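# Analysis of the macromolecular model
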Amino acid sequence: MNFDRINEKLSILADAAKYDVSCSSSGSKRQNKNKGLGNSDGMGICHSYTEDGRCVSLLKILLTNHCIFDCAYCVTRKSNDIKRAAFKVQEVVDLTINFYRRNYIEGLFLSSGIFKNADYTMERLIAVAKKLREEENFNGYIHLKSIPGASDELMREAGLYADRLSVNIEIPTEKGLKLLAPEKDRKDFIKPMEKVKNEIVQYKSEKKLLKKVPIYAPAGQSTQMIVGASGETDAEIMYTSAYFYKSFNLKRVYYSGYIPISYDDRLPSIGTSVPVLRENRLYQTDWLLRFYGFDVRELLNKEHPNLESDIDPKLSWALRNLNQFPIDVNKADLRMLLRVPGLGAKSAHKIINARKFRKLNWENLKLIGVALNRAKYFITCESRVFETKDRTAAQLKSLILSNSNSKFRKDIGPQLNLFDAPNLKTA
Amino acid sequence: MKTILIYDGSFEGLLSTVFYIYEYQIDQFSVVKTEEYVANFFDKKEEIISNSNKANRVWKALSTKISANAKRKLYKAFLSELPGIENKICHFIQLAFASKYKIEKDFSNPTILEISKVVKMVDREKHRMDAFVRFRQTKDNIYFATIEPDFNVLPLNSDHFRERYADQKWIIYDVKRKYGLFYNLNTVTTITLEIDEAINNKQNELTFFSDTEVEFQQLWGNYFEHTNIKSRKNTSLHIKHVPKRYWKYLTEKKN
Ligand code: SF4
């Protein structure tokens, strides 16, 4: 191995890959077999954190940053004047194995620029995964990028070696895609996604009947959208997201604030700040859709095409629907409890358990961990004192904002903990 | 009068102490390790001799009172080595034996709440070690790591590393407590070593470690730098996740 050359390639190809924010390594079920190397049946470990506070759990690189396309939002685009490099299959295998053996990583996340054509590229990605599994008996985590336009046969094969597959749709709207990546077609993204979905469905049903079915992409599929590159609204992003969750059983949709990398005047100019707060609000919305029983139309619609930046989307929804509050925490069903601002999923379940033994009062709720500074305006409980004043939504909002504890205030400051949430075990 | 019960510092010793408390119906006691004992004129002292038979009887009897999971938590609390934790564990066990129902989830009891808090801290440290251990490949092809965890969590890490690194020999050595785990491709054993100070010294790396070891460390450091997005810098979040006291283990933070 030529160390200097590898080191240079690694710099270039890690740099090019880092804009993909996914670093999840959980949700797979692969155990160590035949005394081989590694496993990925656990929670997925963050072995380090970058200086921007993101989890480092996988070796995330491109196989090559040569690309025949010219997507305006991408550093790897053909017209960009940057250094290009390409790993050999064996080099990626060696890096992965040696990093893994030293406990640096949980596995590999391999993506690529498109060279020659989609299938040719996809074949190379598969070759790496296959070698890792078959020659190195590697059972760590492998995330492969599905190359838009790759054939069904290749996507079938990819899932036999990878734990997760993902295609990034990147641009939330078709018109945005036309503008920024005119050579690309939404259909090309959907095709491999569809195939992987069908394979997973088939795998699950066959597994019920047969003992030995080769395991297929056990950690499912995900995708990513770039936020703030094409003038899209929050509604457009989240409707797209809801559609993809539903149609392709995605495990996760990631939202990545656009990082200006080009002087192209179709895009925000270099020096524009990354929309980190907006990204955070989108993740919160995503959470509400997946774990809190909200429908996207309740949170975003014609009247409210964008999320409020100073309050979280659940509070924002509650303030628009004051007629549904206050609710009695000793009687309300789970669905309504989950809708109370300041009341998380954990607390809601605790309330349901605890109220079997006694009627809950403010003290109980506090111990359970409810953020009363927000919740108290929306609930009643077994206490004689509660907020009785009739307040307008605007009054409530300013009251809550001025009373919020530092943690809530920090949310709207620059120090976001946004990557805390997506690293939860639900990934 | 209070009785000071002096034990050898092992978990077996602590359970033997519990046996003793019941055998002699000791009412007021305080449990200390031999090396922590300071004589005084007011208290009676008793030295407990570890006895695996007695310890086992206590441990087995506990199964009728609390879940296996709660038993494991007592062991984890013990590994915290926090001052006075022995007393809390003994109280917990007394509570368990005295009660008709499973006490382990009664968090309104301060002893039980306290134990569960300590266990959380120990678990967190265990997970940090799973994440922050950095192996270096020695000349004789053993993957070697040193750690100095806040609590004595190494026994808890054993399964994870054995399952994951089944095809390589490895040693994880706790330099603070002067013992380590060695996996020889078959089983994990506890070992003690004379560790040369120089081993953690950059210049000497090539004396102890394989030729490619230094290269892979550099590759990893380089990767770490390039996967960072500068325009998203968030130092406080970074430090929250990787507190500075752990940086000395981390290959990528050392340079
Ligand atoms: S095809 Fe992919 S790698 Fe190539 S320019 Fe477009 S987004 Fe970038």
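## Structural notes on the overall build of chain A
Looking only at helices and strands, chain A features 16 helices and ten strands. In terms of overall size, chain A behaves like a compact globule, its C-alpha atoms giving a radius of gyration of 24 Å where 427 residues would be expected to give roughly 22 Å. Over its C-alpha atoms, taken along the principal directions, chain A stretches across nearly 75 × 55 × 40 Å. When the 427 residues of chain A are sorted by exposure, 57% land in the buried category. Relative to all contacts within chain A whose residues are 6 or more apart in sequence, the contacts with residues 24 or more apart total 68%. Counting only carbon and sulfur atoms, one obtains 52% of the accessible surface of chain A, whose full area is about 18400 Å². Averaging the coordinates of the 68 positive side-chain charges in chain A and doing the same for the 50 negative ones gives two points 6 Å apart.

## Some remarks on the overall build of chain B
The number of helices and strands found in chain B is ten helices and eight strands. Considered along the principal axes of its C-alpha atoms, chain B spans approximately 65 × 40 × 40 Å. The buried share of chain B, reckoned over its 255 residues, is 50%. When contacts within chain B are restricted to residue pairs at least 6 apart in sequence, those whose partners lie at least 24 apart make up 68%. When the accessible surface of chain B is split by element, carbon and sulfur atoms take 52% of a total near 13200 Å². The centroid of the 40 positive side-chain charges in chain B is displaced by 7 Å from the centroid of its 33 negative side-chain charges.

## Considerations on the interface of chain B and chain A
Taken together, the contact pairs 47 residues of chain B with 53 residues of chain A. Interface area, chain B with chain A, both sides summed: about 4600 Å², of which 51% is carbon and sulfur. The largest contributions to the chain B side of the interface with chain A come from B:R164, B:Y223 and B:R232, which together make up 18% of the buried area. At the surface where chain B touches chain A, the tally comes to five salt bridges. Between A:R102 and B:E213 there is a salt bridge, with the nearest N and O atoms lying 2.8 Å from each other. Looking at which element gives the most residues to the side of chain B that touches chain A, the answer is helix 8 (residues 211-226) of chain B, with eleven residues. Of the residues assigned to the side of chain B that touches chain A, the class counts are 18 nonpolar, 17 polar and twelve charged.

## Side note on the packing of aromatic side chains
This model, assessed by the stated rule, comprises 29 aromatic pairs over all chains. Aromatic pair B:F11 and B:Y75: ring centres 5.1 Å apart, planes at 65 degrees, arrangement edge-to-face. Remark: B:Y75 occurs in helix 3 (residues 68-79) and B:F11 occurs in helix 1 (residues 11-23); sequence separation between them is 64 residues. You can call B:F11 buried: its relative accessible area is 14%. The structure contains a cluster of three or more aromatic residues connected by ring pairs, namely A:Y100, A:F138, B:F135, B:Y143, B:F161, B:Y165, B:W170 and B:Y183. The ring centre of A:W317 lies 4.9 Å from the NZ or CZ of A:R339, which sits over that ring. Across from the ring centre of B:W59, 4.7 Å away, lies the NZ or CZ of B:K71, which sits over that ring.

## Observations regarding the packing of helix 7 (residues 234-248) of chain A against helix 8 (residues 276-291) of chain A
How two helices sit against one another is set out by the angle between their axes and by the gap between those axes. All names here are of chain A. With their axes 11 Å apart at the nearest point, helix 7 and helix 8 run at an angle of 40 degrees to one another. Relative to helix 8, the element helix 7 lies oblique. Note on packing geometry: the crossing formed by helix 7 with helix 8 is right-handed. Of the residues in helix 8, those in contact with D234, I237, M238, S241 and Y245 of helix 7 are R278, L282, T285, D286, L289 and R290. Here the residues of the contact of helix 7 with helix 8 sort into five nonpolar, two polar and four charged.

## Side note on the pairing of strand 8 (residues 252-257) of chain A
Residues and elements named next belong to chain A. With six of six residues buried, strand 8 is to be regarded as a mostly interior element. Alternating residues of strand 8 divide into R252, Y254 and S256 and V253, Y255 and G257, and every residue in both groups is buried. Relative to strand 8, strand 7 (residues 221-227) runs parallel, the two being bridged by six bridges. Note that in strand 8 the partner of S222 across the bridge is R252. On the question of chirality, the crossover connecting strand 7 to the parallel strand 8 by way of helix 7 is right-handed.

## Quick word on unusual backbone geometry
Put simply, A:F325 and A:P326 share a cis peptide bond, and its omega is -5 degrees. Positionally, A:P326 belongs in the loop between helix 10 (313-320) and strand 9 (327-328). Backbone geometry at B:E81 places phi at a positive 55 degrees, although glycine is not the residue there. In this fold, B:E81 is placed in the loop between helix 3 and helix 4 (85-98). The residue B:K178 is not glycine, and still its phi comes out positive at about 60 degrees. As for its placement among the helices and strands, B:K178 is situated in the loop between strand 6 (169-174) and strand 7 (179-183).

## Points about the pattern of salt bridges
For the structure shown, the criterion picks out 40 salt bridges over all chains. Here A:R133 ties to A:D163 by a salt bridge, and the two come within 2.7 Å at their closest N and O atoms. Note that A:R133 is positioned in helix 3 (residues 118-134) and A:D163 in the loop between helix 4 (152-161) and strand 6 (164-166), a separation of 30 residues in sequence. Across the pair, A:D163 and A:R133 agree in class, each one buried. With its nearest N and O atoms 2.8 Å apart, the salt bridge here joins B:K126 to B:D130. Separated by four residues within a single helix, B:K126 and B:D130 lie in helix 5 (residues 110-132), roughly one turn from each other. Taken as a pair, B:K126 and B:D130 share a single burial class, namely buried. A network of salt bridges, in which partner residues are shared, links A:R5, A:E8 and A:K83.

## Let's talk about the site of the ligand
Residues in close proximity to the ligand include A:C67, A:F69, A:C71, A:C74, A:T76, A:R77, A:G113, A:I114 and A:K184, which together make up its full environment. Among the residues forming the shell around the ligand, the class breakdown is five nonpolar, two polar and two charged.

## Remarks on the state of the cysteines
Residue and element names in this part refer to chain A. A full pass over the atoms with the stated rule returns one disulfide over all chains. Each sulfur in the disulfide pair C46 and C55 lies 2.2 Å from the other. Since a negative S-S torsion denotes a left-handed disulfide, the C46-C55 link at about -105 degrees is left-handed. Residues C46 and C55 agree in their burial class; the two are buried.

Each value, and the rule that gives it
- Residues numbered from 1 in each chain as written.
- Chains lettered and ligands numbered in written order.
- Predicted model: local features only at pLDDT ≥ 70, side-chain atom pairs only at ≥ 80, totals over all residues.
- Heavy atoms only, no water.
- Helix = DSSP H or I, 4+ residues; strand = E, 2+ residues; numbered from the N terminus.
- Rg over C-alpha atoms; globule rule 2.2 N^0.38 Å.
- Buried < 20%, exposed > 50% of the residue type's maximum accessible area, 1.4 Å probe, protein only.
- Contact = heavy atoms within 4.5 Å.
- Areas by Shrake-Rupley, 256 points an atom, 1.4 Å probe, with all protein chains shown as cover.
- Lys, Arg positive; Asp, Glu negative; His and termini not counted.
- Charge placed at Lys NZ, Arg CZ, Asp CG, Glu CD.
- Buried area = accessible area lost by both parts, 1.4 Å probe.
- Salt bridge = Lys/Arg side-chain N within 4 Å of Asp/Glu carboxyl O.
- Nonpolar A, V, L, I, M, F, W, Y, C, P; charged D, E, K, R; others polar.
- Phe/Tyr/Trp six-rings, centres within 6.5 Å; stacked < 30°, edge-to-face > 60°.
- Lys NZ or Arg CZ within 6 Å of the ring centre and 35° of its normal.
- Axes fitted to C-alpha atoms, helices over the stretch in contact; angles between N-to-C directions.
- Parallel < 35°, antiparallel > 145°, perpendicular 65-115°, else oblique.
- Left-handed = near helix turned anticlockwise from the far one by under 90°.
- Pairing = 2+ DSSP bridges.
- Right-handed = clockwise from strand over helix to strand, strands pointing away.
- Near = heavy atom within 4 Å.
- Disulfide = S-S within 2.5 Å.

Keep in mind these values describe shape, not function.
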